[in-house]
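Each chain, written out:
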Amino acid sequence: MTIVHAIPASFSVLECERIVAAVEAEQVDDALLVGRNKDHNLRNAEVVWLDKLDGMEWVMDRLITLVRDCNRDQFDFDLREFAESPQVARYDAAKAGHFSWHSDIGDGHLARQRKLTLVLQLSKPDAYQGGKLEVMPSAHIVTANRAQGSVCIFPSFALHQVTPVTHGLRHSLTVWAHGPVFR
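Residues numbered from 1 in each chain as written. Predicted model: local features only at pLDDT ≥ 70, side-chain atom pairs only at ≥ 80, totals over all residues. Heavy atoms only, no water.

Peer 1: When you look at the state of the cysteines in this model, what are you seeing that I'm missing?
Peer 2: In a disulfide, the sulfur atoms of two cysteines are covalently bonded to one another. Within the structure shown, the criterion is met by zero disulfides. Summary of cysteine pairing: Cys152 is not part of a disulfide, and the nearest cysteine sulfur, belonging to Cys70, is at 9.3 Å. By relative accessible area, which is 5% here, Cys152 ends up buried. (Disulfide = S-S within 2.5 Å. Buried < 20%, exposed > 50% of the residue type's maximum accessible area, 1.4 Å probe, protein only.)

So, in structure tokens, the structure goes:
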């Protein structure tokens, strides 16, 4: 089984820019941790939930296809639904945007059922410094592709982080595929 699966050029540059433009027009919320806790030492970012945006249904359709195909070819997890809306996160260097090492599985009802995490790189790689998505599926860290439109899919139990953004602004989209709790 592949632990971190990369899919380059999953979305075009224009599609990524369209998503970011739609998000920029919306009210942002502070990004929270599992359990709806806020701790800027662990995570400092702002988010917009995609289901709040009109005309963005095509994004979820594409995400479902990417996860379905990847799961069939790489993971073979028992996936049943997408119970949470995709979130677009904004990591701003002015706020030292980051997300320390964590897994996406937690004590919350939906967080317990997360099986796969998908992260879509929305920003151009030269739009920011720092802000690397790093996944630690074992003793080695895998750094996700920074190319705009690339997707990284990994089991939600894998430790991962977004290193502090030191210059500019990083946008990414995250969605989780859900199924029966791991045993």
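Peer 1: What's the story with the sheet that holds strand S3 (residues 43-44) in this structure? I'm lost.
Peer 2: The pairing of strands in a sheet comes from backbone hydrogen bonds and takes either a parallel or an antiparallel form. The strand order S3-S6-S12-S9-S10 describes an open sheet built from five strands, whose pairing is antiparallel. The open sheet has two edge strands with one neighbour each: S3 and strand S10 (142-143). For S3 and strand S6 (residues 98-102), the ladder comprises two bridges, and the chain directions are antiparallel. Among the inter-strand pairings, Asn44 is bridged to a residue of S6, identified as His98. (Pairing = 2+ DSSP bridges. Helix = DSSP H or I, 4+ residues; strand = E, 2+ residues; numbered from the N terminus.)

Peer 1: Could you clarify how one ought to interpret the environment of Gln87 in this entry?
Peer 2: Relative to the assigned elements, Gln87 resides in strand S5 (residues 87-92). Sequence separation of Gln87 and Arg170 is 83 residues, and the distance between their C-alpha atoms is 14 Å. Among all residues touching Gln87, those that are not within four sequence positions of it are Arg43, Val47, Val48, Trp49, Ser172, Leu173, Thr174 and Trp176. In this structure the side chain of Gln87 is engaged in a polar contact, spanning 2.7 Å, whose partner is the side chain of Arg43. (Contact = heavy atoms within 4.5 Å. Polar contact = N/O pair within 3.5 Å; in protein donor to acceptor, adjacent residues only side chain to side chain.)

Peer 1: Before we go on, may I ask you to explain the pairing of S6 in this structure?
Peer 2: Bridge analysis of S6 against strand S12 (residues 159-162) gives two bridges, and the strand direction is antiparallel. Bridge pairing in S12 links His102 to His160.

Peer 1: Explanation requested: the packing of aromatic side chains in the structure shown.
Peer 2: Geometrically, a pair of aromatic rings is defined through the distance of the ring centres and the angle of the planes. Per the counting criterion, the structure on display carries four aromatic pairs. Judged by centre distance (5.3 Å) and plane angle (80°), the rings of Phe77 and Phe182 are edge-to-face. Within this pair, whereas Phe77 is found in the loop between helix H2 (57-75) and S5, its partner Phe182 is found in the segment after strand S13 (165-178), the two being separated by 105 residues in sequence. The class for Phe182 is partly exposed, based on a relative accessible area of 32%. One aromatic cluster is present, built from ring pairs that chain together Phe75, Phe77, Phe157 and Phe182. Above the ring of Phe11, the side-chain terminus of Arg62 is found at 4.5 Å from the ring centroid. (Phe/Tyr/Trp six-rings, centres within 6.5 Å; stacked < 30°, edge-to-face > 60°. Lys NZ or Arg CZ within 6 Å of the ring centre and 35° of its normal.)

Peer 1: Is there a simple way to explain the pairing of S13 in this structure?
Peer 2: Each regular strand displays side chains that alternate between the two surfaces of the sheet. Across the 14 residues that make up S13, a large majority, 10, are buried. Pairing of S5 with S13 involves six bridges; the strand directions are antiparallel. Along S13, the bridge assignment pairs Asp92 with Leu169. As judged from the three bridges shared by strand S8 (residues 128-130) and S13, these two strands associate in the antiparallel manner. By the bridge assignment for S13, Tyr128 is matched with Gly168.

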